[in-house]
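Architecture and fold: a report
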Amino acid sequence: MKRKYVPDLTRQMAICEANYMRILKLMLDLDTMDTREFRVSMAEHSAHIRINVVERFTYTATLQITQQSRRSLNWLESPTLVVRLYHDAAMAEVICMKSRKQLSGVYPYPNREMHQPDEKVQLNDFLGEWLSHCLQHGQQVEPVLTF
């Protein structure tokens, strides 16, 4: 008999807290800046990361984080995550992918969308790895002003 998936809330909270701190390091001026862009290069692969502030409220902010690769792959969709920042709790949580409906904390398996039982945890882990990679290898893209 297969055991039911039980989320590890302590681990999930730690991931969300670490992701919040990573985002603040990448968006030092989060209160005033609406967009931040990075170029990440590793060996022969290069990608463009964009963080857009979608909405701001007193205790929360919603970001959309996208990646575009130089080489477009028709068979692989570029990652886009919608992330909610909870300023009072100092946490960042993936709430959905692109414009899909909000993710559930636990999914029965199998299900119609073929989500894993811990889909949300996996996406928050992925976000942490993605942000860490940007912090280690990212180069900020700034427009050049001409006079």
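Everything here concerns the structure above.
If you're wondering where the values come from, they're calculated on a predicted model, not measured in any experiment.

Conventions and cut-offs
Residues numbered from 1 in each chain as written. Predicted model: local features only at pLDDT ≥ 70, side-chain atom pairs only at ≥ 80, totals over all residues. Heavy atoms only, no water. Salt bridge = Lys/Arg side-chain N within 4 Å of Asp/Glu carboxyl O. Helix = DSSP H or I, 4+ residues; strand = E, 2+ residues; numbered from the N terminus. Buried < 20%, exposed > 50% of the residue type's maximum accessible area, 1.4 Å probe, protein only. Pairing = 2+ DSSP bridges. Axes fitted to C-alpha atoms, helices over the stretch in contact; angles between N-to-C directions. Contact = heavy atoms within 4.5 Å.

1. Considering the pattern of salt bridges
Tallied over the entire structure, the rule returns six salt bridges. With a closest N to O distance of 2.2 Å, Glu37 and Arg50 form a salt bridge. Here the residue Glu37 occupies a position in strand β1 (residues 35-42), and Arg50 occupies one in strand β2 (residues 45-56), the gap between them amounting to 13 residues. Residue classification places Arg50 among the partly exposed residues on the basis of a relative accessible area of 34%.

2. Brief notes about the sheet that holds strand β6 (residues 138-140)
Read from one edge to the other, the open sheet built from six strands follows the order β5-β4-β3-β2-β1-β6, with strand pairing classed as antiparallel. Two strands close off the open sheet at either side, each with one partner strand: β5 (91-97) and β6. Each strand axis lies, on average, 30 degrees off the axis of its neighbour in the sheet, ignoring direction. In the sheet, β1 pairs with β2 via eight bridges, with the strands oriented antiparallel. For Phe38, the partnering residue across the bridge sits in β2 and is Ile49. The sheet contacts of helix α1 (residues 9-26) involve β1, β2, β3 (60-69), β4 (80-86) and β5, and relative to β5 the element is tilted by about 95 degrees. Packed on one face of the sheet, helix α2 (residues 119-137) meets β1, β2, β3, β4, β5 and β6 and runs near 115 degrees to β5.

3. As for the pairing of β2
Turn length for the β1-β2 hairpin, with the two strands adjacent in sequence and antiparallel, is two residues, and the turn residue Ala43 shows positive phi of about 55 degrees. Across nine bridges, the pairing between β2 and β3 is antiparallel. Across the sheet, Val53 pairs through a bridge with Leu63, a residue of β3. If you look at the hairpin formed by β2 and β3, you'll find three residues sitting between the two strands.

No statement about biological role is implied by the geometric values presented.
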